[in-house]
Each structure stands twice: as structure tokens, then as C-alpha cells.
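Now for the letters of each chain:
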Amino acid sequence: MNTAILLGAVRQGRQSHRAAYYLEKRLKQQRVNIDLIDLAKHPLPVFGSPESDGSSTRKTVADIGMRLEQADAFILVTPEYHGSFSGALKNTLDYYWSEFRKKPVGVVAASSGRMAGINAATQLQHVILSLGAFPLPSKFLISNINHAFNDLYEPQLEQIDTRAGKFLNEFLWFAGALYQKKRGEKVA
Ligand SMILES: Cc1cc2nc3c(=O)[nH]c(=O)nc-3n(C[C@H](O)[C@H](O)[C@H](O)COP(=O)(O)O)c2cc1C
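The structure displayed is predicted, hence computed values, not measured ones. (Residues numbered from 1 in each chain as written. Predicted model: local features only at pLDDT ≥ 70, side-chain atom pairs only at ≥ 80, totals over all residues.)

A. Geometry of the overall build of the protein. Looking only at helices and strands, one finds six helices and five strands in the protein. Scanning the protein from its N terminus toward the C terminus, one meets helices and strands in the order β-α-β-α-β-α-β-α-β-α-α. In terms of C-alpha radius of gyration, the protein reaches 16 Å, essentially the compact-globule figure of 16 Å for 188 residues. If one aligns the C-alpha atoms of the protein with their principal axes, the spans along those axes are about 45 × 45 × 25 Å. Taking all 188 residues of the protein together, 36% fall into the buried category. (Helix = DSSP H or I, 4+ residues; strand = E, 2+ residues; numbered from the N terminus. Rg over C-alpha atoms; globule rule 2.2 N^0.38 Å. Buried ≥ 20, exposed ≤ 12 C-beta atoms within 10 Å, placed from the backbone.)

Printed below as a string of C-alpha cells:
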């Protein structure tokens, strides 16, 4: 089973990328096939704008599309901006549709405040439904993201590790069940 993490924080000085790189590390330790798609490395112009029809955009869209297609399950990581998820993430999602169809998607949101990106996460779950994908009911929310990880992406509070573990267990159970079903295997 292949999992892709889609990281929607693209600004210079971003903090929530730490959550994505931390989860990548944890999943690798669990021997999960993981592909981290960091949208800061693959900028896309506004969907539908004249620039979006250029050859370099088409190549980026095709490259990301191939990686999304190969994934059986997704984790979307977003910062909270103005009470919602990042515009860069929404813009990228708008380029795709079938790549997400009937696939499980876990949501991770972060904010510098105490609310931990709850609005971003809940709104993103609605968008996941519109993509024809299955949002995982559990979310992983991180408050005070600026202090949550060090530069090696190690959590600075034990409860982050514990909550991440619970979220990943749920995610892998859900994703694994769907994967088995699609392969015609008996689901426990
Ligand atoms: C444009 C913008 C809007 C923001 N709006 C919110 C918000 O509505 N609620 C919140 O808790 N934090 C808000 N923040 C703070 C972010 O949560 C904070 O920057 C955090 O580090 C996550 O974003 P980052 O990955 O870009 O650093 C906002 C930050 C920016 C840049």
C-alpha cells in the first residue's frame, strides 16, 4: 500500500511543514511506503488562469498527478489561515479529481494558536468528500506549532507523539481495510 502526504504549507518561514516531515519519518519507521509531496517544491498557478495552460505547468500537473495516482491513501497537512485551510492546497486539489476517487484521506492541521487548526481541518474534510474520497473521521490537530517540533522534526511534547500514534493507527486501519477490499481480500 502506498501513502502520499500532501503538504499545503508553502510560505517562507512556514512552521506546519514540521508536522508533515515528522509523520513521514514515523511512517517510514513503520515501513509504510510514503511519498511526501511538498507543494512548496511544486508551485502551481491559480487553477484556470491563463498561466495554468503553460507547458511547465502541464508538466508539474502531470508529475504530481502521477504521484497522486500511485497513492492508495493520503494524509493532507495544512496550516490554518483565516479560519480555513491553505489556499495553495485548495488550488492544487482543484487540478485533480479522479486521482482521489474512493481513497481514504486523513487530515492534519496546525496553527500557532490554541485552536490547533480545527476550522481548517473540518473544512478540508468537506472538500475531501467533494473529491469523491473518504475523509478519516479522526483528525490530528497541533496547537502552538511554532514550539511543537525542533529542527529535526522531533516533537517537543510527549502528547504530540501519543496523539500522532493514535491518528496513524486509525489511518492505517482505515486505509488498510479499503486497500484489502479493493484487492478482493477478506477484510477483518
Ligand atoms: C495569512 C495567515 C492567516 C492566518 N490565520 C490564522 C487563523 O485564522 N487562525 C490561527 O489559529 N492561526 C492563523 N495563522 C497563524 C498560523 O496558524 C501560523 O502561521 C502557523 O505557524 C501555521 O502556518 P505556517 O505553516 O504557514 O507557519 C495565520 C497565518 C497566516 C500567514
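B. The arrangement of the site of the ligand in detail. The environment of the ligand is made up of 17 residues, and the closest members are Gln15, Ser16, Pro79, Tyr81 and Ser111. Residue classes in the shell around the ligand are distributed as six nonpolar, eight polar and three charged. (Near = placed C-beta within 6 Å. Nonpolar A, V, L, I, M, F, W, Y, C, P; charged D, E, K, R; others polar.)

C. Inspection of the pairing of strand 5 (residues 134-142) at higher detail. Relative to strand 5, strand 4 (residues 104-110) runs parallel, the two being bridged by six bridges. Each residue of the ladder has a partner; that of Val107, found in strand 5, is Lys139. (Pairing = 2+ DSSP bridges.)

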